[in-house]
Amino acid sequence: MEHITLIDTFSEFKELMNIDRVTMIRVLEDAFRGVLIKLFGSDDNFDVIINTDKGDFEIWRNRTIVPDGRVKNPHFQISLSEAKKIDNDYEVGEEVTDEVKFLDFGRRAILALRQNLSSRILELEKDTIYGKYKEKVGQIVFGEVYQVWKKEMLILDEEGNELILPKTEMIPSDYYKKGDNLKAVVHSVEIKNNTPLIMLSRTSPAFLERLFEMEVPEIFDGLITIKKIVRAPGERAKVAVESYDDRIDPVGACVGMKGSRIHGIVRELRNENIDIINYTSNLQLYIQRALNPAKISTTKIFEDIKRAHIYLRPEEVSLAIGKNGINIRLASQLVGYELDVYRETGNEEDEEDVPLDEFSDEIEEWILDELKAIGCDTAKSVLDLTAEDLVNRTDLEEETINEVLTILKSEFE
């Protein structure tokens, strides 16, 4: 009975990954000794020998020989007459070693051992999973969708370990059902309620970086370095790259022949537009590349406040800002400077224009800021746009837009 129970327990160990033999023997021996301490108060006079290959064990007890009638504890002492039954040459004071059958300790002792081992196995398994995934933070893992909930999904890896992909870490257009396979990056690993909690992400810049490493050999080999990645998941991303080999065009290498490399990444990210930019330490040139496809006329950089004023022709402003301001927002994050867009003025009609700040007595400051955020810093630059355009490009209500237009038109009547 005892060997069958223990062989089953050993098999559980063997199913665990990365459990070395030394650790296995140590845990098993600790479990046996824990039971011996419970039974006898001490395990000092016991030797435990584990045979993991066969799934069995031996327990040897060492007892001191005392004169007949002087035995106080039969588990630590043995009478001379009993010792001589084992070997007639034994004398008082010597030590007798004999094998103890664990089964003789009773069913409760066996059940206690089984419970102790199961508990240690579970702890060891949790520690193994935690250690394994702690080393994988920032790396891509593959898994199968096991359960879909409202706020998160349960993913099982190839070993059946449970991973969590929160809704907040999914690309907005992601859609998965049970049984689907997916890839994501390990975002964080922590212990919660004594259980490893492994969180995944598909929106992290690290996910996009790992995808580039998988698709572009030059990045994997270190010939091209990704300097920085900024993302609006599912919409747009900007990636600054640099080559340490003058013979390699970093942007061309990332795009691939006829876009062969970038297309696979774009599909994985649900058609997220990816701008690949050649990194440079020349800040003015870097800003210009970051705001692509807009063509900048003039740039004024204020290094002390990490801000830059960008002047463009009127027809370039919308390109620089992008849909819902996404292009200029990502460009600002990429270069690390707050970018303010201004329309370039240069004719007499423009000279008669009035800056929006002049209307601060009639129009609230936050409304003016909304208009400036889309590149409208003068009255005429606002009037050049229709009410519908202004509603679509700002967070202002139509009623507010109409009031603003009425105030600005009155200035030129």
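See the structure printed just above.
Asker: What's the story with the overall build of the protein chain in this structure? I'm lost.
Answerer: Looking only at helices and strands, one finds 16 helices and 15 strands in the protein chain. Within the span of the protein chain, comprising 413 residues, buried residues form 44% of the whole. Taking contacts inside the protein chain between residues at least 6 apart in sequence as the whole, the part at least 24 apart equals 59%. Carbon and sulfur atoms make up 46% of the accessible area of the protein chain, which totals about 23,300 Å². Across the protein chain, 53 positive and 82 negative side-chain charges occur, with their mean positions spaced 7 Å apart.

Asker: Got a minute to help me understand the packing of helix H5 (residues 205–215) against helix H8 (residues 260–268) in this structure?
Answerer: For any two helices packed against each other, the geometry comes down to the angle between their axes and how far apart the axes lie. Between H5 and H8, whose axes approach to 10 Å, the crossing angle comes to 145 degrees. Crossing geometry of H5 relative to H8 is assigned as right-handed. Residue-level contacts link Phe207, Leu208, Leu211, Phe212 and Glu215 of H5 to Arg261, Ile262, Ile265 and Glu268 of H8. Of the residues in the contact of H5 with H8, the class split is 6 nonpolar, no polar and 3 charged.

Asker: Is there a simple way to explain the environment of Val186 in this structure?
Answerer: Turning to its location among the elements, Val186 is positioned in strand S8 (residues 181–192). Residue classification places Val186 among the buried positions, given a relative accessible area of 1%. Those residues within four positions of Val186 in sequence are excluded, and the remaining contacts are Tyr133, Lys136, Val137, Gly138, Gln139, Val141, Ile198, Met199 and Leu200.

Asker: Looking at this structure, how should I read the sheet that holds strand S10 (residues 224–232)?
Answerer: The pairing of strands in a sheet happens through backbone hydrogen bonds and is either parallel or antiparallel. Strand order in the open sheet formed by 3 strands is S10-S11-S12, and the pairing between neighbours is mixed. Strands at the two margins of the open sheet, each flanked by one partner only, are S10 and strand S12 (273–278). Put simply, the sheet's adjacent strands are angled 20 degrees from each other on average, direction ignored. With 8 bridges connecting them, S10 and strand S11 (residues 236–243) associate as antiparallel partners. Each bridged residue has a counterpart across the sheet, and for Ala232 the counterpart in S11 is Arg236. Relative to the sheet, H5 contacts S10, S11 and S12, its axis offset from that of S10 by approximately 140 degrees. In this fold helix H9 (residues 283–290) packs onto S11 and S12, with an angle of close to 160 degrees to the strand it touches most, S12.

Criteria and cut-off values
Residues numbered from 1 in each chain as written. Predicted model: local features only at pLDDT ≥ 70, side-chain atom pairs only at ≥ 80, totals over all residues. Heavy atoms only, no water. Helix = DSSP H or I, 4+ residues; strand = E, 2+ residues; numbered from the N terminus. Buried < 20%, exposed > 50% of the residue type's maximum accessible area, 1.4 Å probe, protein only. Contact = heavy atoms within 4.5 Å. Areas by Shrake-Rupley, 256 points an atom, 1.4 Å probe, with all protein chains shown as cover. Lys, Arg positive; Asp, Glu negative; His and termini not counted. Charge placed at Lys NZ, Arg CZ, Asp CG, Glu CD. Axes fitted to C-alpha atoms, helices over the stretch in contact; angles between N-to-C directions. Left-handed = near helix turned anticlockwise from the far one by under 90°. Nonpolar A, V, L, I, M, F, W, Y, C, P; charged D, E, K, R; others polar. Pairing = 2+ DSSP bridges.

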